[in-house]
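The chain contents come next:
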Amino acid sequence: MHMKTWFMIILAAAIVILIIPTIIVGVFSGTATELERPISSSNEEQSQPIRVEISGKDPVINLYNHYNKELVTMDLEEYVVGVVAAEMPASFEMEALKAQAVAARTLAVFKMKALGGKGCSRYEGADVCSEFSHCQAWISDEQMKKNWGKSYEENLSKIKEAVFSTWGEIMTYNGKAIEVFFHSTSNGKTENVDEVFSTSLPYYDVVESPGDENGSRYKATVSFTIDEFIRKIKSKYKDSNITKENIRDQIKILSYTEGDRVKEIMIGGVKVKGTDFRNLFNLNSADFKLYFQGDKVVIETRGYGHGVGMSQVGADYMAEQGKDYREILHHYYQGIEIEKIR
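Rules used in this analysis
Residues numbered from 1 in each chain as written. Predicted model: local features only at pLDDT ≥ 70, side-chain atom pairs only at ≥ 80, totals over all residues. Heavy atoms only, no water. Buried < 20%, exposed > 50% of the residue type's maximum accessible area, 1.4 Å probe, protein only. Helix = DSSP H or I, 4+ residues; strand = E, 2+ residues; numbered from the N terminus. Arc of directions from axis to C-beta. Contact = heavy atoms within 4.5 Å. Expected span 1.5 Å × (residues − 1). Salt bridge = Lys/Arg side-chain N within 4 Å of Asp/Glu carboxyl O. Core = buried A, V, L, I, M, F, W, Y, C linked by side-chain atoms within 4.5 Å. Polar contact = N/O pair within 3.5 Å; in protein donor to acceptor, adjacent residues only side chain to side chain. Pairing = 2+ DSSP bridges. Axes fitted to C-alpha atoms, helices over the stretch in contact; angles between N-to-C directions.

Examining helix 6 (residues 226–236)
Reasoning step 1: Those residues of helix 6 not exposed but buried are Ile226, Phe229, Ile230 and Ile233. Viewed along the axis of helix 6, the buried residues span an arc of 95°, placing them on a single side of the element.
Reasoning step 2: Where helix 6 is buried, its residues contact strand 9 (219–225), strand 10 (251–256), strand 11 (262–267), helix 7 (274–280), strand 13 (288–293) and strand 14 (296–302).

Overview of unusual backbone geometry
Reasoning step 1: At Lys69, a position not held by glycine, the phi torsion is positive, near 55°.
Reasoning step 2: Note on placement: Lys69 falls in the loop between strand 3 (60–65) and strand 4 (70–75).
Reasoning step 3: Using a relative accessible area of 64% as the deciding quantity, one classes Lys69 as exposed.
Reasoning step 4: One non-glycine residue, Asn282, lies in the positive phi region at around 55°.
Reasoning step 5: Its place among the elements puts Asn282 in the loop between helix 7 and strand 13.
Reasoning step 6: Take Asn282: its relative accessible area is 66%, and that puts it in the exposed class.

Structural notes on the side chain of His183
Reasoning step 1: By the element assignment, His183 lies in strand 8 (residues 182–183).
Reasoning step 2: On the accessibility criterion, His183 (4% relative accessible area) is buried.
Reasoning step 3: Setting aside chain neighbours within four positions, we find His183 in contact with Tyr304, Gly305, His306, Gly307, Val308, Gly309, Met310, Ser311 and Gln312.

Here we look at helix 3 (residues 94–111)
Reasoning step 1: If you check helix 3, its first and last C-alpha atoms are 26 Å apart, about what 18 residues at 1.5 Å a residue would give, namely 26 Å.
Reasoning step 2: For helix 3, the tally of buried residues reaches 17 of 18 residues, placing the bulk of the element in the interior.

Structural notes on the pattern of salt bridges
Note that side chains of opposite charge can pair when their charged atoms are close.
Reasoning step 1: Applying the stated rule across the entire model yields 11 salt bridges.
Reasoning step 2: Of the charged contacts in the structure, one is a salt bridge between Lys189 and Asp260, with a shortest N-O distance of 3.5 Å. One end of the pair, Lys189, is in the loop between strand 8 and strand 9; the other, Asp260, is in the loop between strand 10 and strand 11, with 71 residues separating them in the sequence.
Reasoning step 3: For Asp260, a relative accessible area of 35% puts it in the partly exposed group.
Reasoning step 4: With its nearest N and O atoms 2.8 Å apart, the salt bridge here joins Asp287 to Arg302. With Asp287 in the loop between helix 7 and strand 13 and Arg302 in strand 14, this pair connects stretches of sequence that are 15 residues apart.
Reasoning step 5: Salt bridges here are not isolated pairs; linked through shared partners, they connect Glu169, Arg326 and Lys340.

Looking at the nonpolar core
Reasoning step 1: Leu76, Tyr79, Met171, Met310, Leu329 and Tyr333 are the most contacted members of the largest nonpolar core, which has 67 residues in total.
Reasoning step 2: Here the element with the most residues in this core is helix 3; it accounts for 11 residues.
Reasoning step 3: Within the second largest apolar cluster, 21 residues are counted, among which are Ile233, Ile267, Val270 and Leu283.

Focus on the side chain of Ser184
Reasoning step 1: Mapped onto the fold, Ser184 is located in the loop between strand 8 and strand 9.
Reasoning step 2: Looking at Ser184, the relative accessible area reads 17%, which means it is buried.
Reasoning step 3: At a separation of 2.9 Å, a polar atom in the side chain of Ser184 contacts the side chain of Thr185.
Reasoning step 4: Non-local contacts of Ser184, meaning those with residues more than four positions away in its chain, are made with Asp212, Tyr304, Ser311, Gln312 and Val313.

Some words on the sheet that holds strand 6 (residues 169–173)
Reasoning step 1: If you walk across this open sheet you meet the 3 strands as 7-6-16, and the pairing is antiparallel. In the strand order of this sheet, the two ends are held by strand 7 (176–177) and strand 16 (337–340), each with one partner.
Reasoning step 2: Set on the sheet, helix 3 makes contact with strand 6 and strand 7; between it and strand 6 the angle comes to about 65°.

If you want it as structure tokens, here you go:
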């Protein structure tokens, strides 16, 4: 064979040897800009793997862990797992857990300073804290093991499925993360946000919340002696002329909210907001009734929590009825979109 021909064959072989490793590295090095994550949903159009766009690294969040008084940084999705584990029973339906995951992630994104949020106002340097009464609840893996015992592996697997199958999804309104409120159990209706938080947000409205009556905290009764009741009232409302002798004539509910909770109540000549009365007596809900039983004031409540946004028990009921997490979220948050973090 001619020398020139041999030279061309050798040159071609060398080029192939150089190209093949490059191709292999390109396939397996993980440099792709998209990842595929499976999603289990009753919605046919969501039955295919969802695609998550990754810009550099996944978002991280600064959490103040109030249990050990430590500021820690973690991946956003890892944080959401801890929130769902703390905020919703693992025994709830998968679609309810997914709705909780999206709500929890949205709340976090709304607060994250790196994404334009104001962070946690209670702890310097934190985007969020683990106090449920201030930001939202969160527990560590160690606490999950203590809470769940032998069910730890099963429960954690279920919650991770709920979080990772909604990876990166948040609720938006006009292209921005919404300010999220949710609660344990409604009284059968949600509440207008401005009745509780003195602010108006367009994606909150009063909606029916069936199934809440099945919740373990739907009804509760507390009682106080008349003396205890009067002391509590006067500790905050010194101008109240309520006495042991006139108390039965000096308490009257004046009005109700659209969500069937007490809006205003008159006590001893002082007009009190229903939400303030609830906080003063540490009631489960602002949907309450009062009556007298001997020397006691008895207060009955319906619901557990402020009533704004998603009812967790209501979400579980909707999931039992075959609704998916998107339908649940669109029911409780009006006019929102469900989008991925970019």
